[in-house]
Amino acid sequence: MEKIILTGDRPTGKLHLGHYVGSLRRRVELQNSGEFDKIFVMIADAQALTDNADNPEKIRQNIIEVALDYLSVGIDPAKTTIFIQSQVPELCELAFYYMNLVTVSRVQRNPTVKTEIKMRNFEQSIPLGFFCYPVSQASDITAFKATTVPAGEDQAPMIELTREIVNRFNNIYGPTLVEPDILLPENAVCQRLPGTDGKAKMSKSLGNCIYLSDSPKELKKKVNSMYTDPEHLTIDSPGHLEGNCPFIYLDAFSNDGHFAKYLPEYNNLQELKDHYTRGGVGDGTVKKLLTNVLEEELVPIRERRKYYEQNIPEVYDILRKGSENARATAAKTLDEVRAAMKINYFDDAALIADQAARYKA
Ligand code: TRP
């Protein structure tokens, strides 16, 4: 069986380092591993509209932001099909059929949807489209016969539902669809990179993000204002690592090579941590190291971004071609789905002949 990836993001804002360690970096590795036959990365504008119906301009603006972020981290349109969800109308059709296979109470039990409903104060009036987005997500995944969905833990309930829908569909209509597996981030730091305030996950509304598109100046400023250890008052006092942002980021981004290059007094992160815990290392030293490490990661990303920012029509062209390619793939699956569901009336010569014979007799 072909190995196929489908994953995506809602275009509601620019992407930040949380997205980078949580998903983008991995996608580029998977793309370049050569292990997958096809890779689809989707800008989920239709899903974003389920709770932004009154703000289409926001979604429209962020499509290009997300596309620039994808291209600048190294998602390569020669290897990965980047497309826009709304430009593949087959996905809506498929979702409409899947809705018959899912109960309201099943969606109501989805923990991610529950949390989102609370966060948006939707308790009294949930838009129906928003409520149904897990079903639409099942169609995003299965339209491409994806075997692998790289995504965060919050997406696990969606993949679970997708597998249930695939099973129900195949049971009723015969084997047509493929059951996907989720591919989670490698470790806890990558799963949940805290914001620069050390409190919650990076989130635009909390203003605690480092964006992939931040300038060197912005980056330095944000690292220097990071939350560390409030009890670490002097260089010599013992420091604590728990909740200490620069150290958490170093866990996610640094390797031994960085120490040889930027802080050769230490062989690796563990030695620096030990010294910090004993006392004798200032936060400034740690932050300076982190700035260097992040700069090293962000320099090539900024370079690629600069190129695409100067070539915006090319970016739209990539999205248009990707959407056409995605549409052709989804249309093939939809042909199979319609045949399995016996709604392919005009393609079925036998059906017409049978009915003709039945009425003639
Ligand atoms: N729900 C995902 C998010 O909020 C976006 C998304 C839509 C998605 N369809 C998908 C992710 C299919 C993986 C697979 O970021």
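Presented here is an overview of the structure given in this document. For every chain, the first residue of its written sequence is number 1, and the numbers climb from 1 along that sequence. Local features in a predicted model are, by the rule used here, given only for residues with pLDDT of at least 70; side-chain atom pairs are given and counted only at 80 or more, and totals for whole chains, interfaces and linings are based on all residues. Side-chain numbers come from the whole structure's heavy atoms, not from hydrogens or water.

### What to know about the overall build of the chain
The cut-off we apply is this: Helix and strand definitions follow DSSP, with helices as H or I runs of at least four residues and strands as E runs of at least two, each counted in order from the N terminus. Each residue is placed in one exposure class: buried if its accessible area under a 1.4 Å probe, protein chains only, is under 20% of its type's maximum, exposed if it is over 50%, and partly exposed if it falls in between. Throughout, a residue-residue contact means that at least one pair of heavy atoms, one from each residue, lies within 4.5 Å. Computed by Shrake-Rupley with a 1.4 Å probe, the accessible areas treat only the displayed protein chains as cover when residues are assessed. Only four residue types enter the charge count: Lys and Arg as positive, Asp and Glu as negative, with His and the chain ends excluded. Each charge is placed at NZ for Lys, CZ for Arg, CG for Asp and CD for Glu.
Looking only at helices and strands, the chain features 17 helices and five strands. Structurally, the chain occupies a C-alpha span of about 100 × 45 × 40 Å along its principal axes. Here the chain, with 361 residues, has 50% of them falling under the buried criterion. Residue pairs in contact within the chain that sit at least 24 positions apart in sequence constitute 75% of those at least 6 positions apart. A total of about 18100 Å² of accessible surface is found on the chain, and carbon and sulfur atoms cover 53% of it. Positive and negative side-chain charges of the chain, numbering 43 and 50 respectively, have mean locations separated by a distance of 3 Å.

### Quick look at the nonpolar core
To keep things clear, this is the line we draw: Think of a nonpolar core as a cluster: buried Ala, Val, Leu, Ile, Met, Phe, Trp, Tyr and Cys residues, connected wherever their side-chain atoms sit within 4.5 Å.
One finds Leu17, Tyr70, Leu212, Tyr249, Leu250, Phe253 and Leu272 to be the most contacted residues of the largest nonpolar core, which totals 57 residues. Not counting chain neighbours up to four residues away, the residues in contact with Leu272 comprise Phe247, Leu250, Phe259, Leu263, Tyr266, Val281 and Leu289. Membership of the second largest hydrophobic core comes to 35 residues, among which are Ile4, Val88, Tyr98 and Val107.

### Quick notes on the pairing of strand β3 (residues 81–84)
Along any regular strand, the residues point their side chains to alternate faces of the sheet. Applicable threshold: Only strands that DSSP links by at least two bridges are regarded as paired with each other.
Burial along β3 is two-sided: Thr81 and Phe83 facing one way and Ile82 and Ile84 facing the other are all buried. By the bridge criterion, four bridges tie strand β2 (residues 38–43) to β3 in an arrangement that is parallel. Looking at β3, one finds that Phe40 is bridged to Thr81.

### Overview of the pairing of strand β1 (residues 4–9)
Here is the rule: Looking down the strands as they point away from the viewer, one classifies a crossover as right-handed if the path from the first strand across the helix to the second runs clockwise.
Most of β1 is tucked away: five of the six residues are buried. Pairing of β1 with β2, which is carried by six bridges, proceeds in the parallel orientation. Along β2, the bridge assignment pairs Leu6 with Phe40. Once the chain exits β1 it traverses helix α1 (residues 17–33) before rejoining the sheet at β2, and the crossover so formed is right-handed.

### Brief notes about the packing of helix α11 (residues 216–224) against helix α15 (residues 283–309)
Threshold: To define axes, lines are fitted to C-alpha atoms, for helices over the stretch in contact only, and angles between the resulting N-to-C directions are given on a 0 to 180 degree scale. For classification, angles of less than 35 degrees are called roughly parallel, those exceeding 145 degrees roughly antiparallel, those between 65 and 115 degrees roughly perpendicular, and all remaining angles oblique. Whether a crossing is left-handed or right-handed is set by the direction in which the near helix is turned from the far one by less than a right angle, anticlockwise for left-handed and clockwise for right-handed. Only Asp, Glu, Lys and Arg are considered charged in this grouping, and only Ala, Val, Leu, Ile, Met, Phe, Trp, Tyr, Cys and Pro are considered nonpolar; every other residue, Gly among them, is considered polar.
Relative orientation of the contacting elements α11 and α15 amounts to 150 degrees, with a least axis distance of 10 Å. It follows that α11 is roughly antiparallel to α15 by the angle criterion. Regarding α11 and α15, the two cross each other, and that crossing is right-handed. Judged by residue contacts, Pro216, Leu219, Lys220, Val223 and Asn224 of α11 engage Lys287, Leu290, Thr291, Leu294, Glu295, Leu298 and Arg302 from α15. Here the contact of α11 with α15 is built from residues that sort into six nonpolar, two polar and four charged.

### A word on the site of the ligand
As a reminder of what qualifies: Any residue with a heavy atom lying within 4 Å of a molecule or strand is counted as near it. Side-chain atoms alone can form a polar contact between residues adjacent in sequence; in general such a contact is a pair of N or O atoms within 3.5 Å, and within protein one must be able to donate a hydrogen while the other accepts it.
Of all residues adjacent to the ligand, which total 13 residues, the nearest are Arg10, Gln47, Gln137, Asp140 and Gln155. The separation between a nitrogen atom of the ligand and a polar side-chain atom of Gln137 is 3.1 Å. In this structure, Asp140 approaches the ligand through a side-chain N or O atom, which is 2.8 Å from a nitrogen atom. Contact with the protein chains removes 90% of the 370 Å² of surface that the ligand exposes when unbound. Elements represented by at least two residues in the shell around the ligand include exactly β1 and α8 (133–143). Here the element with the most residues in the shell around the ligand is β1; it accounts for four residues.

### As for the packing of aromatic side chains
The criterion, for reference: A pair of aromatic rings is counted whenever rings of Phe, Tyr or Trp (Trp by its six-membered ring) have centres within 6.5 Å, and the orientation is called stacked for planes under 30 degrees apart, edge-to-face for over 60 and tilted otherwise.
Applying the stated rule across the entire model yields eleven aromatic pairs. Look at Tyr20 and Phe253: their rings are 6.4 Å apart centre to centre, the planes differ by 0 degrees, and that puts the pair in the stacked class. Of this pair, Tyr20 sits in helix α1 while Phe253 sits in helix α12 (residues 245–253); the two residues are 233 residues apart in sequence, bridging distant segments of the chain. Taking the centre distance of 4.9 Å and the plane angle of 80 degrees together, the rings of Tyr307 and Tyr308 count as edge-to-face. The exposure class of Tyr307 is partly exposed, given its relative accessible area of 40%.

### Thoughts on the pattern of salt bridges
Cut-off, in case you're wondering: Basic side-chain nitrogens of Lys or Arg form a salt bridge, by our definition, when they fall within 4 Å of a carboxyl oxygen of Asp or Glu.
For the structure shown, the criterion picks out 25 salt bridges. For the salt bridge of Glu65 with Arg305, the shortest nitrogen-to-oxygen distance reads 3.7 Å. Here Arg305 lies in helix α15 and Glu65 lies in helix α3 (residues 56–73), a separation of 240 residues in the sequence. Classification of Glu65 as partly exposed rests on a relative accessible area of 23%. Judged by relative accessible area, Arg305 falls into the buried class, the value being 6%. Of the charged contacts in the structure, one is a salt bridge between Glu164 and Arg106, with a shortest N-O distance of 2.7 Å. One end of the pair, Glu164, is in helix α9 (residues 156–173); the other, Arg106, is in helix α5 (residues 104–108), with 58 residues separating them in the sequence. Residue classification places Arg106 among the buried positions, given a relative accessible area of 16%. Connected via shared salt-bridge partners are Glu65, Asp69, Arg305 and Glu309.

### As for unusual backbone geometry
The phi torsion at Asn121 lies on the positive side, around 55 degrees, for a residue other than glycine. You can see Asn121 is positioned in the loop between α6 (111–119) and α7 (128–131). Phi is positive for Lys342, which is not a glycine, with a value near 60 degrees. Residue placement: Lys342 occurs in the loop between α16 (312–340) and α17 (349–360). For Lys342, a relative accessible area of 66% translates into the label exposed.

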